[in-house]
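Read off the chains here:
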Amino acid sequence: MRWRLFAAVAALGIFLSGCAIKPQQPVPLGKDALTSSSAKSAKVGVAMSELPKVDTFFPGADCLLCYAFASASNSALTKHTETLARDDLASLKEDVAAALRKKNVEVMVIKEAIDLKSLPDIRTEVPTAARKDFASLRVKHAVDKLLVIDMPQVGYVRTYASYVPTSDPKAVVTGAAYLVDLKTNTYSWYLPININRAAGTTWDEPPKFPGLTNAYFQAIEASRDSVLKPLADVAVPEGAPATGAQ
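Cut-offs applied
- For every chain, the first residue of its written sequence is number 1, and the numbers climb from 1 along that sequence.
- Totals for whole chains, interfaces and linings use all residues, but because this is a predicted model, local features are given only for residues with pLDDT of at least 70 and pairs of side-chain atoms are given and counted only at 80 or more.
- Heavy atoms throughout the structure, all of them, feed into the side-chain values; hydrogens and water do not.
- Working definition: with a 1.4 Å probe on protein chains only, accessible area under 20% of the residue-type maximum means buried, over 50% means exposed, and in between means partly exposed.
- Runs of H or I in DSSP of at least four residues are treated as helices and runs of E of at least two as strands, each being numbered from the N terminus.
- In what follows, residue pairs with any heavy atoms lying within 4.5 Å of each other are defined as contacts.
- When DSSP finds two or more bridges between a pair of strands, those strands are recorded as paired.
- Throughout this description, the term nonpolar core refers to a set of buried Ala, Val, Leu, Ile, Met, Phe, Trp, Tyr and Cys residues connected via side-chain atoms within 4.5 Å.

Counting buried positions over the 10 residues of helix α5 (residues 92-101) gives 7, a clear majority of the element. Listed as buried for α5 are Leu 92, Lys 93, Val 96, Ala 97, Ala 99, Leu 100 and Arg 101. Here the buried face of α5 lies against β1 (43-48), α4 (87-90), β3 (106-109), β4 (145-157) and α7 (210-233).

Here you go:
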């Protein structure tokens, strides 16, 4: 219980400290997104941040006692949430690489989880400029562009007003997928991901919560589709050399 209370306070602090930062707006995946400056297919690294544990979240329960009450009231759901698999989300990196290879894009899958927090921050008003400095990864991995999948929140959200729930729990997957041009440190693509799915008319069915469980896997699948569909639809330069898997 204590670590959940600490996490709630920490999350609130991060939220308040970031209030002045404008959210990154979407950047469409254009027809030249996967090309290099020579108009040939770029070498693209595919990376994923470490997936979080599947968890429950109670925004609006914004004092320690409020959060303790919300956590206790939803303890059965939290216990069930911790049993849910995230394999389909974990495999997204390889599936993205496969989608790019179908477009004859040269791909390098970066096996280790990318630590976004370790990269230097960049403060800029340029709409397409990345908020992190990815320059060091250009040399490290010998790639022209880096496709990043970052899903920091996976599980269920139930909103509160102090001690009072203001919604039923919903399955959520939030984060972003984006393609960074490592030469200019700008986004060639930026896709915010904010998927939520409700259980329907009935959700409070412990201990297995079948309605919410179904909603969870629907949210996982929707998040995967939101990333993979633009990659399947995008055009690449004619005559780009076919490449094998790496």
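Turning our attention to the pairing of β4. Among the 13 residues in β4, 10 count as buried, and that is most of the element. Pairing analysis gives 5 bridges linking β1 to β4, with the strands arranged parallel. Paired with Gly 45 across the two strands is Leu 146, which belongs to β4. Direction of pairing for strand β2 (residues 55-57) relative to β4: parallel, over a ladder of 3 bridges. The partner of Asp 55 across the bridge, within β4, is Gly 155.

Ranked by internal contacts, the top residues of the largest apolar core, which has 44 residues, are Val 96, Leu 100, Leu 147, Met 151, Trp 189 and Val 227. Taken together, the elements giving at least two residues each to this core come down to β1, α5, β3, β4, β7 (170-181), β8 (186-198) and α7. The element best represented in this core is α7, accounting for 9 residues. Ignoring sequence-local partners within four residues, the contact set of Leu 100 consists of Leu 34, Val 44, Val 46, Val 105, Val 107, Leu 147 and Leu 231. Judged by nonpolar contacts, the second largest core, of 18 residues, contains Val 27, Leu 119, Ala 176 and Tyr 190.

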